Amino acid sequence: MRSVQGYRPFMRWKGSVVDSVVGVFLTQSASDSSSSSAFMYLAAKYPNQITTGDHTEHAIDWNAVRTAQHSDISNAIEERGMKNKIAQRIQEFLHRIHDDKTGLIDLEWLRSATAEEARHYFMEVYGLGLKSTECLRLLTLRQRAFPVDRHVCRIAVRLGWVPIKKLPDGVLLHQLKE
């Protein structure tokens with residue numbers, strides 16, 4: 001690929017874990033351009049005005065998004081499609097992680113969590129499935145993960161890259177150690 005594209009160093013995502021989770025909500029079943037536009041519309045409407053030394057900067061004032069009228073959020077992400085459903089999902093998520101004592105919306109602790117702790121936490125978030133969880137672990141937390149969708153999985157099985165075996169009772173594919 002380097003002979004075709006030249007040297008292209010990996011650009012690390014500098015956003016917060018919360019930015020990433022909301023980004024995943026906006027990306028699911030949407031084109032890159034519409035999901036990116038939706039995120040940028042939110043960033044323009046709710047810019048982060050707070051500078052903190054202890055936390056990774058959020059790209060967006062998530063407290064303002066959390067407390068905004070549902071219609072304001074859905075209108076901001078209208079281009080993305082499914083605006084009401086996604087706006088509700090975003091606000092419910094932000095309400096869930098909001099700390100009433102400190103007023104913070106912060107998931108940066110996940111950067112030092114184990115893979116299992118991070119996977120468990122993300123899988124408990126409504127709207128995040130295994131592939132989204134693995135994308136967050138890989139791209140945001142820099143943990144080892146290999147996110148694939150059902151279509152890639154099906155092709156890998158058909159090509160014989162993944163053996164077809166019955167999993168032990170109660171064990172999911174991502175829980176296998178080998």
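Keep in mind the model is a prediction, meaning the values are calculated, not measured. (Residues numbered from 1 in each chain as written. Predicted model: local features only at pLDDT ≥ 70, side-chain atom pairs only at ≥ 80, totals over all residues. Heavy atoms only, no water.)

1. Re the overall build of the chain
Right, on to step 1. Counting its regular elements, the chain contains 9 helices and 0 strands.
Right, on to step 2. Of the regular secondary structure in the chain, the N- to C-terminal order runs α-α-α-α-α-α-α-α-α.
Right, on to step 3. The burial tally for the chain puts 34% of its 178 residues in the buried class.
Right, on to step 4. Nonlocal contacts in the chain, meaning residues at least 24 apart in sequence, comprise 58% of its contacts between residues at least 6 apart.
Right, on to step 5. For the chain, the exposed area adds up to about 11800 Å²; of that, 55% sits on carbon and sulfur atoms. (Helix = DSSP H or I, 4+ residues; strand = E, 2+ residues; numbered from the N terminus. Buried < 20%, exposed > 50% of the residue type's maximum accessible area, 1.4 Å probe, protein only. Contact = heavy atoms within 4.5 Å. Areas by Shrake-Rupley, 256 points an atom, 1.4 Å probe, with all protein chains shown as cover.)

2. Examining a nonpolar patch on the surface
Right, on to step 1. Judged by side-chain polarity, Ile155, Leu159, Trp161 and Val162 come together as a nonpolar surface patch covering roughly 440 Å² of accessible area.
Right, on to step 2. Within the secondary structure, Ile155 is located in helix α9 (residues 150–158). (Patch = residues over 30% accessible without salt bridge, like charges linked within 9 Å, V, L, I, M, F, W, Y side chains within 5 Å. Salt bridge = Lys/Arg side-chain N within 4 Å of Asp/Glu carboxyl O.)

3. Quick notes on the pattern of salt bridges
Right, on to step 1. Under the criterion given, the structure shown has 5 salt bridges.
Right, on to step 2. Here Arg111 and Glu108 are joined by a salt bridge, their closest N and O atoms 2.4 Å apart.
Right, on to step 3. In this structure, Glu116 and Arg119 form a salt bridge, with 2.8 Å as the shortest nitrogen-oxygen distance. A residue pair is termed a helical-turn pair when its members lie 3 or 4 positions apart in one helix, as Glu116 and Arg119 do in helix α7 (residues 115–123) at 3 residues.

4. What to know about the packing of α7 against helix α8 (residues 130–139)
Right, on to step 1. Contact geometry of α7 with α8 gives a least axis separation of 9 Å together with a crossing angle of 135°. As summarised for this structure, α7 and α8 are arranged oblique, according to the angle between their axes. Both α7 and α8 take part in a crossing whose hand is right-handed. Residues Ala115, Ala118, Arg119, Phe122 and Met123 of α7 form the contact with α8, whose own contacting residues are Leu130, Thr133, Glu134, Leu136 and Arg137. (Axes fitted to C-alpha atoms, helices over the stretch in contact; angles between N-to-C directions. Parallel < 35°, antiparallel > 145°, perpendicular 65-115°, else oblique. Left-handed = near helix turned anticlockwise from the far one by under 90°.)

5. Let's talk about the nonpolar core
Right, on to step 1. If you look at the biggest cluster of nonpolar residues, it comprises 36 residues, and the most contacted ones within it are Leu26, Trp62, Phe93, Leu94, Leu110 and Phe122.
Right, on to step 2. Every element with two or more residues in this core is listed here: α2 (17–27), α3 (32–45), α4 (62–67), α5 (70–76), α6 (83–97) and α7.
Right, on to step 3. The element best represented in this core is α2, accounting for 7 residues. (Core = buried A, V, L, I, M, F, W, Y, C linked by side-chain atoms within 4.5 Å.)

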